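Residue-level structure breakdown
In case you want the letters, here they are:
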Amino acid sequence: MPLDSATQRWLAAAPAFSAAVPLAVMRSATDAGLIAGQQPVAEETRLREALSIAAQDGWPISVRMYFPAGAEDGEAHPALVYAPGGGWCLGGLDAWNTPCQQLADATDSVVFSVGYRLAPEHPFPVPLSDYYAALCAIADRADSLGIDPQRIAVGGDSAGGNLAAAACLLARDRQGPLIARQLLLYPALDAAMQSASLQQFGEGFGLTRSVMEYCWERYLPDAREQQNPLASPSAAASLHGLPDTLLLSCECDPLRDEAEEYARGLARDGNRVRLVRLAGTVHGAMHMTAVTPAARRVFEQCAALWDKPAT
């Protein structure tokens with residue numbers, strides 16, 4: 001399905017990436033660009049609480065809680081511990097306020113948006129360690145947070161999907177928190193960057209090959225880590241014993257093939273998986289709901305499939 005004209009105009013107007021731009025400027029521009037593409041939710045964001053959770057080294061991790069529409073106090077709600085994207089080095093929690101609220105409504109879950117530290121100041125494994133520490137703390141505090149410890153999911157988009165997938169591997173191998181399911185939205189899973197879709201969509205579709213190279217290099221300054229499955233989950237020797245998965249890929253996304261191959265790998269290793277390719281969308285679709293109706297399919301598919309068993 002071809003991109004609609006609104007998406008094409010949006011992409012054409014986007015500023016060109018330049019690694020020479022100072023990182024602070026790039027981060028600010030990224031947040032502003034993401035927010036500009038978002039359709040605000042119908043009512044005021046139900047951000048009820050902000051938490052501070054200690055990282056492994058004591059660093060205070062900021063976590064925001066978003067409640068679904070109609071949530072009642074005293075109920076034990078499902079939870080989605082969410083890792084925002086941004087290539088491990090860009091993006092802030094503010095740019096995910098609206099998408100996290102939409103995810104809370106779509107999944108009828110309390111969404112915990114985790115403000116893990118960013119590369120290159122904090123390269124791998126720090127972002128993953130922060131996210132996993134937040135997951136463990138939220139699971140430990142389930143009763144006081146009003147969530148059901150049997151219904152804690154993990155999720156993330158792009159680089160955040162990488163962290164969610166890696167956290168599932170950690171929890172499996174360390175006998176960590178019970179994870180009911182994982183939600184992977186167009187995740188970045190393969191540091192090798194050799195897929196056909198990367199060649200096909202690596203220029204002119206928003207996310208470019210040069211941007212992905214920039215992000216991977218900052219997250220993994222030591223190239224030897226590229227085959228570490230906690231950095232590059234596609235490199236895992238086995239995907240056996242992982243949670244039920246809902247994985248959404250975007251049709252015109254450089255990361256499409258690695259995401260879809262990961263879903264097939266999960267299924268081959270005995271896991272239950274639902275894979276949906278979102279036609280006519282590009283990477284970062286959850287931030288483009290004000291740009292094109294096609295982007296709304298991210299949340300529509302989450303709402304339609306969240307409580308249905310994977311196959």
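Structure: above.
Every chain is numbered on its own, with residues counted from 1 as its sequence reads. Two thresholds apply to this predicted model, a pLDDT of at least 70 for residue-level local features and 80 or more for giving and counting side-chain atom pairs, whereas whole-chain, interface and lining totals are computed over all residues. Excluded from the side-chain calculations are hydrogens and water; all other atoms, namely the structure's heavy atoms, are used.

1. Focus on the nonpolar core
- For our purposes a nonpolar core is just a set of buried Ala, Val, Leu, Ile, Met, Phe, Trp, Tyr and Cys residues, chained together by side-chain atoms within 4.5 Å. Classification of residues uses two cut-offs on accessible area relative to the type maximum, computed with a 1.4 Å probe and protein chains only: under 20% is buried, over 50% is exposed, and between them is partly exposed. With 73 residues, the main nonpolar core has Val63, Phe112, Tyr131, Ile147 and Trp216 as its most contacted residues.
- With ten residues, helix α6 (residues 159-173) is the single largest residue contributor to this core.
- Every residue pair with non-hydrogen atoms within 4.5 Å of one another is taken to be in contact. Excluding residues within four positions of it along the chain, Tyr131 makes contact with Val81, Tyr82, Ala83, Val114, Tyr116, Val154, Gly155, Leu163, Ala164 and Ala167.
- With 35 residues, the next largest nonpolar core counts Leu11, Trp96, Leu185 and Leu278 among its residues. A run of DSSP states H or I qualifies as a helix once it reaches four residues; a run of E qualifies as a strand once it reaches two. Both are numbered from the N-terminal end.

2. A few points about the packing of aromatic side chains
- Note on aromatic pairs: the rings of Phe, Tyr and Trp (six-membered ring only in Trp) are paired at centre separations within 6.5 Å, and the planes decide the class, stacked below 30 degrees, edge-to-face beyond 60, tilted for the rest. Going through the model one piece at a time under the given rule, you end up with six aromatic pairs.
- Arranged with centres 5.0 Å apart and planes meeting at 85°, the rings of Phe201 and Phe205 form a pair that is edge-to-face.
- Ring geometry for Trp216 versus Tyr219: centroids 6.5 Å apart, planes at 45°, classification tilted. Remark: Tyr219 and Trp216 occur in helix α8 (residues 209-219); sequence separation between them is three residues, near one turn of the helix. Residues Trp216 and Tyr219 agree in their burial class; the two are buried.
- Here the guanidinium or amino end of Arg181 rests over the ring plane of Trp306, the centre of that ring lying 4.9 Å away. We count a charge as sitting over a ring when the NZ of a lysine or the CZ of an arginine lies within 6 Å of the ring centre and within 35 degrees of the ring normal.

3. Quick notes on the pattern of salt bridges
- Should a side-chain nitrogen of Lys or Arg be within 4 Å of a carboxyl oxygen of Asp or Glu, the pair is scored as a salt bridge. Scanning the model with the defined rule gives 14 salt bridges in all.
- A salt bridge links Glu217 to Arg218; its shortest N-O distance comes to 3.8 Å.
- Note that Arg224 and Asp222 form a salt bridge whose closest N and O atoms lie 2.9 Å from each other.
- Look at Arg224 and you get exposed, because its relative accessible area is 73%.
- Look at the salt bridges and you will find they share partners, linking Asp57, Arg117 and Asp130 into a network.

4. Thoughts on the environment of Met286
- For Met286, the position within the fold is in the loop between β8 (273-278) and α10 (297-305).
- Using a relative accessible area of 0% as the deciding quantity, one classes Met286 as buried.
- Every residue in contact with Met286, bar those within four places of it in the chain, is listed here: Tyr82, Trp96, Pro99, Leu103, Asp157, Leu185, Tyr186, Val298 and Phe299.

5. With respect to the packing of helix α3 (residues 97-107) against α10
- Working convention: axes come from line fits to C-alpha atoms, limited for helices to the stretch in contact. Angles between N-to-C directions cover 0 to 180 degrees. Relative to each other, α3 and α10 sit at 25°, their axes nearing to 8 Å. Relative to α10, the element α3 is oriented roughly parallel. Like other packed secondary-structure pairs, α3 and α10 cross with a definite hand, here right-handed. Contacts from Pro99, Gln102, Leu103, Ala106 and Thr107 in α3 reach Phe299, Cys302 and Ala303 in α10. Angles below 35 degrees are treated as roughly parallel, those above 145 as roughly antiparallel, those between 65 and 115 as roughly perpendicular, and all remaining angles as oblique. Handedness of a helix crossing follows the sense of rotation of the near helix relative to the far helix, less than a right angle counterclockwise being left-handed and clockwise being right-handed.

6. Structural notes on the side chain of Ser232
- By the element assignment, Ser232 lies in the loop between α8 and β7 (244-250).
- Here a polar contact is recorded for every N or O atom pair within 3.5 Å, except that within protein the pair must consist of a potential hydrogen donor and a potential acceptor, and residues adjacent in sequence are included only if both atoms are side-chain atoms. A polar contact is formed between the side chain of Ser232 and the backbone oxygen of Leu189, at a distance of 3.2 Å.
- From its side chain, Ser232 meets the backbone nitrogen of Ala191 in a polar contact 3.0 Å long.
- In contact with Ser232, other than residues within four places in its own chain, are Leu189, Asp190, Ala191 and Gln226.

7. Digging into a negative patch on the surface
- Every patch collects residues that have over 30% relative accessible area and no salt bridge, joining them within 9 Å if they carry like charges and within 5 Å if they are nonpolar side chains (Val, Leu, Ile, Met, Phe, Trp, Tyr). All accessible areas in this document rest on Shrake-Rupley with a 1.4 Å probe, and a residue is counted as covered only by the protein chains that are shown. Residues counted as positive are Lys and Arg, residues counted as negative are Asp and Glu, and His and the chain ends are not counted. Taken as the charge centre is NZ of Lys, CZ of Arg, CG of Asp or CD of Glu, depending on the residue. Taken together, the side chains of Glu72, Glu75, Asp108 and Asp307 present a region of like negative charge at the surface.
- Structurally, Asp108 can be placed in the loop between α3 and β4 (110-115).
- For Asp108, a relative accessible area of 46% corresponds to the partly exposed category.

8. Some remarks on α10
- Every buried residue of α10 is listed here: Val298, Phe299, Cys302 and Leu305. Down the axis, α10 shows its buried residues gathered within 150° of arc, on one side only.
- The secondary structure elements touched by the buried residues of α10 are α3, β6 (181-185), β7 and β8. What the arc covers is the set of directions going from the helix axis to the C-beta atoms.

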